[in-house]
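# Fold and geometry: a report
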Amino acid sequence: MKKVKIIIADDHSILQHGLCNSLEMEKGFEVVAKADSGHSAIKLTNLHRPDVVIMDVSMPYLNGIEATKQILAKNPEIKVIALSMHMEKIYVTGMMNAGASGYILKSCSFKELVKCIQTVLSGKHFFCQEVKHLITDKDCVPVTDSPVSVFSLLSKREREVLQLIAEGHKSRKIAEKLNISVKTIDIHRTNLKTKLNIHSIAELTKFAIAEGLTSSLL
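Below, the structure is looked at part by part.

Rules behind the numbers
- Each chain has its residues counted from 1, running along the sequence as written.
- Residues qualify for local features only when their pLDDT is at least 70, as the model is predicted, and side-chain atom pairs are given and counted only at 80 or more; totals for whole chains, interfaces and linings, by contrast, use all residues.
- Neither water nor hydrogens contribute to the side-chain values; these are computed over all heavy atoms in the structure.
- Numbering of helices and strands runs from the N terminus; a helix is a DSSP stretch of H or I covering at least four residues, while a strand is a stretch of E covering at least two.
- Exposure is judged per residue with a 1.4 Å probe applied to protein chains only, and the accessible area is read against the type maximum: over 50% gives exposed, under 20% gives buried, and values in between give partly exposed.
- The contact criterion used is simple: two residues touch if any of their non-hydrogen atoms lie within 4.5 Å.
- In short, Shrake-Rupley with a 1.4 Å probe defines the accessible areas, and a residue's cover is counted only from the protein chains shown.
- What counts as a salt bridge is simple: a side-chain nitrogen of Lys or Arg found within 4 Å of a carboxyl oxygen of Asp or Glu.
- With the strands pointing away from the viewer, any crossover whose connection runs clockwise from the first strand over the helix to the second is right-handed.
- By this definition, two strands are paired if DSSP reports at least two bridges between them.
- The set of buried Ala, Val, Leu, Ile, Met, Phe, Trp, Tyr and Cys residues whose side-chain atoms join them within 4.5 Å is what this entry labels a nonpolar core.

## Here's the deal with the overall build of the protein
Within the protein, the secondary structure is distributed over ten helices and six strands. Of all 218 residues assigned to the protein, the portion counted as buried reaches 49%. Within the protein, contacts between residues at least 6 apart in sequence are counted, and of these 64% link residues at least 24 apart. Looking at the protein as shown, the accessible area adds up to about 11,100 Å², and 55% of this sits on carbon and sulfur atoms.

And the structure:
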């Protein structure tokens, strides 16, 4: 019997390894890779082509929402499950609009995670009890079918720069992370402020948190 190939994307090492060990002990599951950021999740998904990606929502450098969008844009057959400590509606609907098939809290039991994996593989959505009441049918529509918002007008690179700014990184550090010049980062900063009609780093950070790009808990 063919095993279900799984990638775990979470920047907390203890949780990542504990979850990996538990999944490997479950009959029919195989963890093919572990990622500690959104960028590595995308890279490893393209390399291993798993059946399921278990995705943390809040990760540094590239969050789970953006990573999910990019993964499913190239691999729409893959099932993404959000595994998060956040139960606020903005994170839940953000992941659903990105194309995720399920959302489960880190406080849930391992048994419920297994049930979630089995459910999404059958073609259905799965939400743990704590967030189920937040979801409507329209929340499960991919972002391309959603109404246009100011945030949706930002390019993929602008969203990456915005997250890194909100996490407190300076232009030089952001340039190193994204492998582009400091001058290009400064251009992105200017474009962000113009598009969003925002004029300070504090306001950019507040906007990023409101859109679920990052969290004040990071």
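Next comes the rest of the write-up.
## Some remarks on the pattern of salt bridges
Under the defined criterion, the tally for this structure stands at six salt bridges. In this structure, the salt-bridge partner of D10 is K106, at a minimum N-O distance of 3.0 Å. Here the residue D10 occupies a position in the loop between β1 (4-9) and α1 (13-25), and K106 occupies one in the loop between β5 (102-105) and α5 (110-121), the gap between them amounting to 96 residues. Owing to a relative accessible area of 2%, D10 belongs among the buried residues under this scheme. On the basis of relative accessible area, K106 is assigned to the partly exposed category, the value being 25%. Of the charged contacts, one joins E160 and K156 as a salt bridge, the two residues approaching to 3.9 Å between their closest N and O atoms. Of this pair, E160 and K156 are both found in helix α7 (residues 156-166), four residues apart, which corresponds to roughly one turn of the helix. Overall, K156 belongs to the partly exposed group, its relative accessible area being 40%. When salt bridges that share partners are traced, they join D10, D56 and K106 into one network.

## Notes on the pairing of β5
Consecutive residues of a regular strand have side chains that alternate between opposite faces of the sheet. Side chains of β5 alternate between two faces, with G102 and I104 and Y103 and L105 buried alike. In this fold, strand β4 (residues 79-84) hands off to helix α4 (residues 89-98), which returns the chain to β5; that crossover is right-handed. In this structure, β5 lies alongside strand β6 (residues 126-127), joined through two bridges in parallel fashion. Note on β6: the bridge partner recorded for Y103 is F127. Following the backbone out of β5, through α5 and into the adjacent parallel β6, one traces a crossover that is left-handed.

## Some words on the nonpolar core
Counting 52 residues, the largest nonpolar core has I6, L23, I54, M55, M95, Y103 and I117 as its most contacted members. Setting aside anything within four residues of it in sequence, one finds M55 in contact with A9, A41, G64, A67, T68, I71, V80, I81, A82, L83 and M95. Counting 17 residues, the second largest nonpolar core, distinct from the first, contains V161, I165, F207 and A208.

## Side note on the pairing of β4
With five of six residues buried, β4 lies mostly within the body of the structure. Judged from the four bridges that link them, strand β3 (residues 52-55) and β4 form a sheet pairing that is parallel. Its bridge partner lying in β4, V52 is registered against K79. A crossover connection joins β3 to the parallel β4 through helix α3 (residues 64-74); in handedness this β-α-β unit is right-handed. As paired strands, β4 and β5 are joined by four bridges and run parallel to one another.

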